[in-house]
Each structure stands twice: as C-alpha cells, then as structure tokens.
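Topology and contacts: notes
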Amino acid sequence: MNILFTKRKSVRSFKPNPVEKEKLDEILAAANSAPSAGGLRARKIVAVEDKKMRANISEAAFGQTSIAEAPLVLAFVALPKVSAKKYDERGKNLYAVQDATLAASFAWLQAVDLELSSVWVGGFEEEKVRKVLDLGENERPIALLPIGYA
Ligand SMILES: Cc1cc2nc3c(=O)[nH]c(=O)nc-3n(C[C@H](O)[C@H](O)[C@H](O)COP(=O)(O)O)c2cc1C
C-alpha cells in the first residue's frame, strides 16, 4: 500500500497556523483532477477561512469543534441539476453526489501528502450549511473537510 494511505487518519484538532496558499492551490488542483460522470464535474468546492463563517458551519454541524478549529474548511457541494441534464434521476440522485465525494477524497489525500490533516465531516444539517455558504436550491453540500496542521 502506498505510504499516503497509511498516513491518512482522521484528525479533529488543529493548530491555528494557516494553510499556505500554495498548498490550498495544490489541494484544489487534486480535487479538480478527480473523475466525474460524463466529465460533467457536477460539483463545486467552497473554501472557507473566515473564522465567523467557520463558527457558523460548526454550529450547523452539531457543534463539531474540528470545523471551528481548523484554519481552512473545504465544502464539497453536489450540483444535481448539472448531472441530471444528461443522466436524469440517476445523475441527480447518484452521480452528482459521487462527483462531489470523489473530489473530497482526492483533496484529503493531497492534503495528507502536504503534511496536513483532516477529517471527513458528514454530520451536519444541510439546510443550515446551505444558508451559511449561500448555496442555491440546486446545490447540495455533501461533505466538509476541516484542514490544518495536527
Ligand atoms: C461518510 C462519512 C461521514 C463522516 N462523518 C463524520 C463526522 O461528521 N464527524 C467526524 O468527526 N467524523 C466523521 N467521519 C470520520 C469517521 O468517523 C472516520 O473516518 C472513521 O472513524 C475511521 O477513522 P480514520 O479516518 O482515522 O481511519 C465520517 C466518515 C465518513 C466516511
């Protein structure tokens, strides 16, 4: 097994040191290299560094402290309408979610390769996260990755 996979583990507590811009760029590039159904990329990524916004997202995630503590939170958002255009119900209900999930997985592994840590946060109230991130009705938050130095 590649050492990257053995290094990855869930980390829920972070130092306040920010994630360097170059590292964020690499993480986003890795996420955007993930495959998507029909190459449609029915997902988007929202990067949040603002402390107040992170506190609000944490609240929407049942007070999970990993979100408020990490200097960077990436939200992976499925775009069901984009996939539905080509794949109808299957695109809407499955492919868009898979597109977002794969992007998040790639981002996490890239972060680990850059000596950063994260945890997959799936436990949150969708409506509340949608509101904090100012997402549209057709944008569905799938996963949150708080990222920082363990
Ligand atoms: C779909 C999914 C949802 C998860 N949701 C949360 C969550 O809301 N909060 C959290 O702290 N960990 C969450 N986790 C992390 C798991 O608890 C963790 O990956 C698992 O315990 C295995 O530990 P490891 O990642 O260190 O191997 C989630 C993981 C997955 C795959």
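These lines cover the structure that appears in this document, whether it is placed above or below.

The rules behind each value
Residues numbered from 1 in each chain as written. Predicted model: local features only at pLDDT ≥ 70, side-chain atom pairs only at ≥ 80, totals over all residues. Heavy atoms only, no water. Pairing = 2+ DSSP bridges. Helix = DSSP H or I, 4+ residues; strand = E, 2+ residues; numbered from the N terminus. Patch = residues over 30% accessible without salt bridge, like charges linked within 9 Å, V, L, I, M, F, W, Y side chains within 5 Å. Areas by Shrake-Rupley, 256 points an atom, 1.4 Å probe, with all protein chains shown as cover. Salt bridge = Lys/Arg side-chain N within 4 Å of Asp/Glu carboxyl O. Lys, Arg positive; Asp, Glu negative; His and termini not counted. Charge placed at Lys NZ, Arg CZ, Asp CG, Glu CD. Buried < 20%, exposed > 50% of the residue type's maximum accessible area, 1.4 Å probe, protein only. Near = heavy atom within 4 Å. Polar contact = N/O pair within 3.5 Å; in protein donor to acceptor, adjacent residues only side chain to side chain.

What follows concerns the sheet that holds strand E4 (residues 140–148). Read from one edge of the open sheet, 4 strands run E1-E2-E4-E3, paired in antiparallel fashion. The open sheet terminates on both sides in strands that have one partner only, identified here as strand E1 (43–48) and strand E3 (117–118). Here E3 pairs with E4 via 2 bridges, running antiparallel. By the bridge assignment, Ser-117 is partnered in E4 with Gly-148.

A cluster of acidic side chains, namely Glu-20, Glu-22, Glu-26 and Asp-113, defines a negative patch on the protein surface. Along the polypeptide, Glu-22 turns up in helix H2 (residues 21–32). Assessed through its relative accessible area of 54%, Glu-22 is described here as exposed.

This part is about the site of the ligand. The full set of residues close to the ligand is Arg-8, Lys-9, Ser-10, Arg-12, Gln-64, Val-119, Trp-120, Val-121, Gly-122 and Gly-123. Between the ligand and Gln-64 there is a distance of 2.7 Å, counted from a nitrogen atom to a side-chain nitrogen or oxygen. The contact in question runs from a nitrogen atom of the ligand to an N or O atom on the backbone of Trp-120, over 2.9 Å. When the ligand is considered free in solution it has 620 Å² of accessible area, and contact with the protein chains removes 50% of it.

This structure, assessed with the given rule, holds 8 salt bridges. Between Lys-7 and Glu-115 there is a salt bridge, with its nearest N and O atoms 3.2 Å apart. Within this pair, whereas Lys-7 is found in helix H1 (residues 3–7), its partner Glu-115 is found in the loop between helix H5 (80–113) and E3, the two being separated by 108 residues in sequence. Glu-115 sits in the exposed class, given a relative accessible area of 53%. Close ionic contact of Arg-140 with Glu-126 constitutes a salt bridge, the shortest N to O distance being 3.0 Å. Remark: Glu-126 occurs in helix H6 (residues 126–132) and Arg-140 occurs in strand E4; sequence separation between them is 14 residues.

Right, let's talk about the pairing of strand E2 (residues 72–78) for a bit. Among the 7 residues that make up E2, 7 are buried, leaving the element largely enclosed by the rest of the structure. Going residue by residue along E2, you find Leu-72, Leu-74, Phe-76 and Ala-78 tucked away on one face and Val-73, Ala-75 and Val-77 tucked away on the opposite face as well. As judged from the 6 bridges shared by E1 and E2, these two strands associate in the antiparallel manner. The partner of Arg-43 across the bridge, within E2, is Ala-78. Relative to E4, E2 runs antiparallel, the two sharing 7 bridges. Opposite Ala-75, over in E4, you have Leu-144 as the bridge partner.

Shape descriptors only; they carry no functional weight alone.
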